[in-house]
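# Structural overview
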Amino acid sequence: MPDELVRGEPRGQGASYRLRQHSSGDMDWVVQAHGALYAREYQWDETFEELVAEIVAGFIRNFDADRERCWIAERDGVNVGSVFVIRESDQVAKLRLLIVDPATRGLGIGRRLVAECIAFARQKGYAKLVLWTNDCLHAARHLYEQAGFVLVKEEVHHSFGHDLVGQNWELTL
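First things first, this report covers the structure right here in the doc. (Residues numbered from 1 in each chain as written. Predicted model: local features only at pLDDT ≥ 70, side-chain atom pairs only at ≥ 80, totals over all residues. Heavy atoms only, no water.)

### Describing the overall build of the chain
The helix and strand tally for the chain stands at 4 helices and 8 strands. Along the chain, helices (α) and strands (β) appear in the sequence β-β-α-α-β-β-β-α-β-α-β-β when read from the amino end. The C-alpha atoms of the chain give 15 Å as radius of gyration, which agrees with the globular expectation for 173 residues (16 Å, within 12%). For the chain, the spread of C-alpha atoms along the principal axes amounts to about 45 × 40 × 30 Å. Considering the chain as a whole, with its 173 residues, one finds that 46% of them fall into the buried category. Here the analysis covers contacts within the chain between residues at least 6 apart in sequence; of these, 60% occur between residues at least 24 apart. Approximately 8800 Å² of the chain is accessible, and the part contributed by carbon and sulfur atoms is 48%. Where the 20 positive side-chain charges of the chain centre and where its 26 negative ones centre are 6 Å apart. (Helix = DSSP H or I, 4+ residues; strand = E, 2+ residues; numbered from the N terminus. Rg over C-alpha atoms; globule rule 2.2 N^0.38 Å. Buried < 20%, exposed > 50% of the residue type's maximum accessible area, 1.4 Å probe, protein only. Contact = heavy atoms within 4.5 Å. Areas by Shrake-Rupley, 256 points an atom, 1.4 Å probe, with all protein chains shown as cover. Lys, Arg positive; Asp, Glu negative; His and termini not counted. Charge placed at Lys NZ, Arg CZ, Asp CG, Glu CD.)

Printed below as a string of structure tokens:
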């Protein structure tokens, strides 16, 4: 995917952002952004940042450029969002690590990142796109529902210093 300038949604003139594939330095940002945002908004502890770092390390270590992708959203040269599609099997891809900086929420970045994942997974011939999230992440869950994902499983767990309800979602492509 070549870099692409995208006109943002409602928040006024100049509300544009660019989607691009990841490059050097982006993965540190993904880990740091997740750790800081989830600590601030949900009071999750450093074990969440550890999980994100493990996912990112696995992505880098096993990266299959033909079947996997990371998109970075930039606004005015600053990273403001990201999402990954990671190969789980020949038929199943996993959407991972969706994040949008709070200062740029409302511009359609999250919706666009999810749409890119779906289009990419379809183009690569995956039969299903899956994801895991937690029920307290209302905005992300809303994006997934709007995109057609279906909740297939819920499970109570204690992670990141809190009692949570994990959710598995699927989209048949």
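### A word on the packing of aromatic side chains
Across all of its chains, the model carries 11 aromatic pairs by this definition. Summarising the aromatic geometry, the rings of phenylalanine 59 and phenylalanine 63 are spaced 4.9 Å apart at their centres and angled 50 degrees between planes, so their arrangement reads as tilted. Phenylalanine 59 gets classed as buried once you look at its relative accessible area, which sits at 2%. Chaining the aromatic ring pairs together yields one cluster made of Tyr38, Tyr42, Trp44, Phe48 and Phe160. Above the ring of tyrosine 126, the side-chain terminus of arginine 67 is found at 4.0 Å from the ring centroid. (Phe/Tyr/Trp six-rings, centres within 6.5 Å; stacked < 30°, edge-to-face > 60°. Lys NZ or Arg CZ within 6 Å of the ring centre and 35° of its normal.)

### As for the environment of threonine 47
Position of threonine 47 relative to the elements: it lies in helix H2 (residues 46-62). Along the backbone, threonine 47 and serine 159 are 112 residues apart, and their C-alpha atoms lie at a distance of 7.8 Å.

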